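# Structural features, examined
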Amino acid sequence: MESRKQAVINHDRGLHARVAAMIVQKAYELEHNLQVKLYFKRPGGSAVPAVSIMPLVSLRIKQGDTVWVEASGPAANAAAEEMALFLESDFPLADADTISQVDHLLQANAFTAEQIFVSMANGLIVTDENDGITIFNPAAERILGIPASRAIGDTAQNIIPGSRLHIVARTKEPEIGCRQSIGSLTILTNRTPIIADSQVRGAMAIFEDISVLEAVTGELKAVKELKERLQLVLESVQDGICVVDKEGSITYVNPAYVELVKQDRDKLTGQNVRILSPDGTRSRVLATGRPVIGSIVTKPDGVTLVANVSPIVVDGELTGAVSVVKNVSEVHKLMDKLSHVSAKAEYLEDELRRTQKPGPAFNKYIGQSGKVREALAIAAKAAASGTTVLITGESGTGKELVAEGIHYASRRANGPFIRVNCAAIPESLLESELFGHEKGAFTDAIRQKPGKFSLANKGTIFLDEIGELNKNMQAKLLRVLQQKEFTRVGGETVIQVDVRIIAATNRNLEQMVADGQFREDLYYRLNVIPILLPPLRERVEDIPLLVGHFLHKVTSEQLKTITGIAREALAGLMAYRWPGNVRELENVIERMIILADSTELTVADLPLYLRGAGSEPAVIWPQQSANIIPDNRLPDIKPWNEYEKQIIALALEKYGSFNAAGKALGLTHKTVAAKAQKYGISKVISWENGDRLVKNINPNKQS
Ligand SMILES: Nc1ncnc2c1ncn2[C@@H]1O[C@H](COP(=O)(O)OP(=O)(O)OP(=O)(O)O)[C@@H](O)[C@H]1O
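Residues numbered from 1 in each chain as written. Predicted model: local features only at pLDDT ≥ 70, side-chain atom pairs only at ≥ 80, totals over all residues.

## Details of the overall build of the protein
Worth spelling out the cut-off: Secondary structure elements follow DSSP: runs of H or I of four or more residues count as helices, runs of E of two or more count as strands, with numbering from the N terminus. Note on contacts: residues are paired as contacts if their backbone-placed C-beta atoms lie within 7 Å.
A count of helices and strands for the protein gives 29 helices and 27 strands. For the protein, the proportion of contacts with a sequence separation of at least 24, taken over those separated by at least 6, is 61%.

What follows is the structure in structure tokens.
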């Protein structure tokens, strides 16, 4: 049963706290005695329970206001009636018992309110009309770091920098959801004025610490920005990028990837690579957690893709994989094009070289005769080809000069040109000289030494007197020619070199092959491009040129003025057979210049054996002959070595090379070289008319 009764409040102060407490006390009694539920309601308002002080007070009922009493329960009518009468009464405090009950109720209510303030998570500050702080709850203490004992009694402006409670109290305008910074702290606060009976009683602020939230928001913003930037990068790179999560689902693809795989972006995301391609690279990376670099896939449309797939590991846990894909078809095409173009350029370069006359590299080789031109033309072609060359010719015909010319006219011109005179190096040392040795390979090998082949890497090695190599060395040289590799003496490491070999000899290698002295396979390997240099006697027409060349060369070295050579003297030179070839001619000119008394070389300056022009020279060496074979008197016999030294010196002076000297003496050139070294015949050679000529005949022509 329900009932509703109206009551008009007569009490002059309306339903203030104590009256409200009395009404609540009365409501308790009625509800308990009559088993009803009671509610109060203002016209147009909502009902509040009659047994609670706060809601009742919050109705702000004044004298003359109307209040509805609503009751439900079996005795609703009686209860509503009695309560309405009570509301219209003067609320007399009948007895001490009632007073005590009302006070108790009020105290409990105040205590409840305090408990609310104390246990609130939000900070609460209440000020009076003078901005004096009256309430400063524990949350406010905690957030602001100010003890309530210091705050209460002081003004809010003093205690809280930037406080606006006094403004709110003045303007009566609440400020809701305001962000306020206090030092490093950021708070979110609601400020409201406290108004009672139309009077401003102060203001209150309820606030919370949002510093952490602010920091997190800042971080979030930075992360968001970073994400956007990365997204922009990913979207604009030329490489295709595909990200999958740890389950294999595609979570991101960039436009380049979409373009490469020619599929719809929306359809791609969400697809699972473990289902799409269970044996694919991404599935493998997800299964193993290890990256796969350079996986190549050729698609049905012929496009070749290369992918690098890396696992994404966050805090040690595999969270997915990222695949970076490139289209290499274009690169392949470009590479094909490039190699085509470079092959063409190489061909044109070769053609150019072929059409070129012997270049400046051969300028040092003097000669205009047909045979010389022929030899130099082959040399120029050989230079362009880069293959092995075998230069043959008598001693002193300029084999080394041509070898040098080939090197400097070749593509290796910027690399080293290394000379080795195989005959001048003792057999026991030759291998180490050519291929180097390891530390401790033999007694004197105190440190590792690179050989001439290593030094010649990317350049040319000139092996002079190749016919003097023993069989062991021939085999080793063959290995270098065939495999471009060798091992150092005492070492096992195989050393690879890029060396061009130019060999030279004045011996008949073909004959040596026939006699079993020279390996046939090596001969053919060396003889890829043979160049034969003519002896000087076969190109007599070049003698004036050569004489002019040496005149110029020697006079500038000797700082002597010689203007020319007399016709007869030149004829004498041209009539001679020159067994020592150009080297011998150079020596003769040099000697003539040194000894000449006038500014022109005359017949008188010619060595005696050249004066009977046209004839084979009578070998007359007055001074030395007198020393070697004393004429009529019984001489003092000197030790054999003395004679031997003189004979070797004489032969070397005359023929200028070990070979030619050896031929004249009936010795091998090696024996001549060894003896020259033994006697130190490298500096001073006696001359026919007794003058001493300082000349450097270095048996080892290596530089
Ligand atoms: N055509 C030439 N023009 C200018 N100089 C030359 C010519 N031929 C040889 N020579 C000179 O003669 C000397 C000997 O030349 P080179 O050493 O090249 O001869 P080779 O044939 O290697 O002799 P060998 O067989 O004795 O080693 C060098 O001083 C070189 O400059």
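Back to the text.
## Side note on the sheet that holds strand β14 (residues 317-327)
This is how the line gets drawn: In this scheme, strands are said to pair when DSSP sees at least two bridges between them. The axes used here are C-alpha line fits, helices contributing only the stretch in contact, and every angle between their N-to-C directions lies in the interval 0 to 180 degrees.
Taken in spatial order, the five strands make up an open sheet running β11-β10-β14-β13-β12, and their pairing is antiparallel. On the outer flanks of this sheet lie β11 (250-253) and β12 (292-298), each paired with one strand and no other. On average, each strand axis in the sheet is tilted by 25 degrees relative to the strand beside it, whichever way the strands run. Looking at chain direction, β12 and strand β13 (residues 304-314) are connected through five bridges and run antiparallel.

## Here's the deal with the nonpolar core
Note the cut-off: We define a nonpolar core as a collection of buried residues of the types Ala, Val, Leu, Ile, Met, Phe, Trp, Tyr and Cys that are connected via C-beta atoms lying within 7 Å of each other. Buried means a residue has 20 or more other C-beta atoms within 10 Å of its own C-beta, exposed means 12 or fewer, and partly exposed covers the counts in between; C-beta atoms are placed from the backbone. Boundaries of every domain are those given by an automatic assignment or by a domain database.
Ranked by size, the top nonpolar core spans 58 residues in total, and within it Ala-379, Ile-391, Ile-406, Ile-461, Phe-462 and Ile-502 carry the most contacts. A total of seven residues in this core trace back to one element, the largest contributor, which is helix α15 (residues 370-385). Counting residues domain by domain, this core receives three or more from each of domain 4 (361-534) and domain 6 (619-703). Once residues lying within four places of it in the same chain are set aside, the contact partners of Ile-406 are Ala-379, Ala-382, Ala-383, Val-389 and Ile-502.

## Re the site of the ligand
Where we set the bar: Being near a molecule or strand means, for a residue, that its backbone-placed C-beta atom lies within 6 Å of it. Throughout this entry, Asp, Glu, Lys and Arg are counted as charged residues, while Ala, Val, Leu, Ile, Met, Phe, Trp, Tyr, Cys and Pro are counted as nonpolar. The remaining residues, Gly among them, count as polar.
Surveying the vicinity of the ligand reveals 20 residues, the closest of which are Ser-395, Gly-398, Lys-399, Glu-400 and Val-582. Of all the elements in the fold, those that place two or more residues in the shell around the ligand are α16 (399-409) and α24 (581-595). Partitioned by chemical class, the residues of the shell around the ligand number five nonpolar, 10 polar and five charged. In terms of domain composition, the shell around the ligand takes at least three residues from each of domain 4 (361-534) and domain 5 (536-617).

## A few points about α24
Turn by turn, an α-helix covers 3.6 residues, leaving residues three or four places apart pointing in a common direction. The condition is simple: In this analysis, the expected span of each helix is defined as 1.5 Å times one less than the number of residues it contains.
For α24, with 15 residues, the first-to-last C-alpha span of 21 Å sits near the 21 Å given by 1.5 Å per residue. Among the residues of α24, those classed as buried are Asn-581, Val-582, Arg-583, Glu-584, Leu-585, Asn-587, Val-588, Ile-589, Arg-591, Met-592 and Ile-593.

## Remarks on unusual backbone geometry
We note that Asp-131 has phi near 70 degrees; this positive angle belongs to a residue other than glycine. One can find Asp-131 in the loop between β5 (123-128) and β6 (133-136). Within the chain, Lys-484 stands out as a residue other than glycine whose phi angle is a positive 55 degrees. Take Lys-484: it is sitting in the loop between α19 (471-483) and β20 (485-487).

## Quick notes on the packing of helix α27 (residues 640-655) against helix α29 (residues 669-678)
Our working rule: Should the near helix be turned anticlockwise from the far one by less than a right angle, the crossing is left-handed, and should it be turned clockwise, the crossing is right-handed.
Close contact between α27 and α29 brings their axes to 10 Å; oriented N to C, the two are set at 115 degrees. The hand of the α27/α29 crossing is left-handed. Every residue of α29 that contacts α27 at Glu-644, Ile-648 and Leu-652 is listed here: Val-672, Lys-675 and Ala-676. Tallied by class, residues from the contact of α27 with α29 come to four nonpolar, no polar and two charged.

## With respect to the sheet that holds strand β8 (residues 185-196)
The antiparallel open sheet is built from five strands, whose spatial order is β6-β5-β9-β8-β7. The open sheet has two edge strands with one neighbour each: β6 and β7 (175-182). If you compare each strand with its neighbour and ignore which way they point, the axes differ by 25 degrees on average. Both β5 and strand β9 (residues 199-209) contribute to a ladder of six bridges, which runs antiparallel. What sits directly across from Val-126, in β9, is Met-204.

## Structural notes on the pairing of β14
Remember that side chains alternate between the two faces of the sheet whenever the strand is regular. Pairing of strand β10 (residues 240-245) with β14 involves six bridges; the strand directions are antiparallel. Following the sheet pairing, Ile-241 is matched in β14 by Val-324. Across 10 bridges, β13 lies against β14 in antiparallel orientation. Residue pairing in the sheet places Ser-310 in a bridge with Val-322 of β14. The turn joining β13 and β14, which pair antiparallel and follow one another in sequence, is formed by two residues; a positive phi near 50 degrees is taken by Asp-315.

## Some points on the packing of helix α22 (residues 543-558) against helix α23 (residues 567-575)
Orientation of α22 relative to α23, taken along the N-to-C sense of each, is 115 degrees, at an axis distance of 10 Å. The chirality of how α22 crosses α23 is right-handed. Between α22 and α23, the contacting residues are Ile-543, Pro-544 and Val-547 on the first element and Leu-570, Leu-573 and Met-574 on the second. Broken down by class, the residue content of the contact of α22 with α23 amounts to six nonpolar, no polar and no charged.

## A short note on helix α17 (residues 427-435)
Listed in full, the buried residues belonging to α17 are Leu-430, Glu-431, Ser-432, Glu-433, Leu-434 and Phe-435. On its buried side, α17 packs onto β16 (417-421), β17 (436-437), α18 (452-455), α19 and β20. Where α17 terminates, the next one or two residues include Gly-436, which has phi positive at roughly 85 degrees.

## Observations concerning the environment of Ser-283
Secondary-structure assignment places Ser-283 in helix α13 (residues 281-288). On the neighbour-count criterion, Ser-283 (20 C-beta atoms within 10 Å) is buried. Taking the C-alpha atoms as reference points, Ser-283 and Val-244, 39 residues apart in sequence, are found 9.6 Å from one another. In contact with Ser-283, not counting residues within four places along its chain, are Gly-248, Val-273, Arg-274, Ser-277 and Pro-278.

## Some details on the pairing of β5
Where β5 and β6 come together, three bridges link them in antiparallel fashion. Paired with Val-126 across the strands is Ile-135, a residue of β6. Where β5 folds back on β6, the antiparallel hairpin that results is connected by four residues, among which Asp-131 adopts a positive phi of roughly 70 degrees.

## Some words on the environment of Leu-268
Within the fold, Leu-268 resides in helix α11 (residues 265-268). Overall, Leu-268 belongs to the partly exposed group, with 16 C-beta atoms counted inside 10 Å. Among all residues touching Leu-268, those that are not within four sequence positions of it are Ile-250, Val-253, Val-258 and Gln-263.

## What to know about the confidence of the model for the protein
Stated formally: Every residue carries a pLDDT, the predictor's confidence in it, which falls somewhere between 0 and 100.
Predicted confidence across the protein gives a mean pLDDT of 84, with 90% of residues reaching 70 or more. A low-confidence stretch, residues 613-634 (pLDDT under 50), is modelled with 27 contacts involving residues beyond four sequence positions or located in other chains. Taken together, the stretch residues 683-703 has pLDDT below 50 and engages in 49 contacts with residues farther than four places along the chain or on a different chain. In the predicted complex, the global pTM is 0.45; the interface-specific ipTM is 0.93.

## Here's the deal with the environment of Glu-644
Of note, Glu-644 is situated in helix α27. For Glu-644, a count of 13 C-beta atoms within 10 Å puts it in the partly exposed group. Along the chain, Glu-644 and Lys-675 lie 31 residues apart, while their C-alpha atoms are 8.5 Å from each other.

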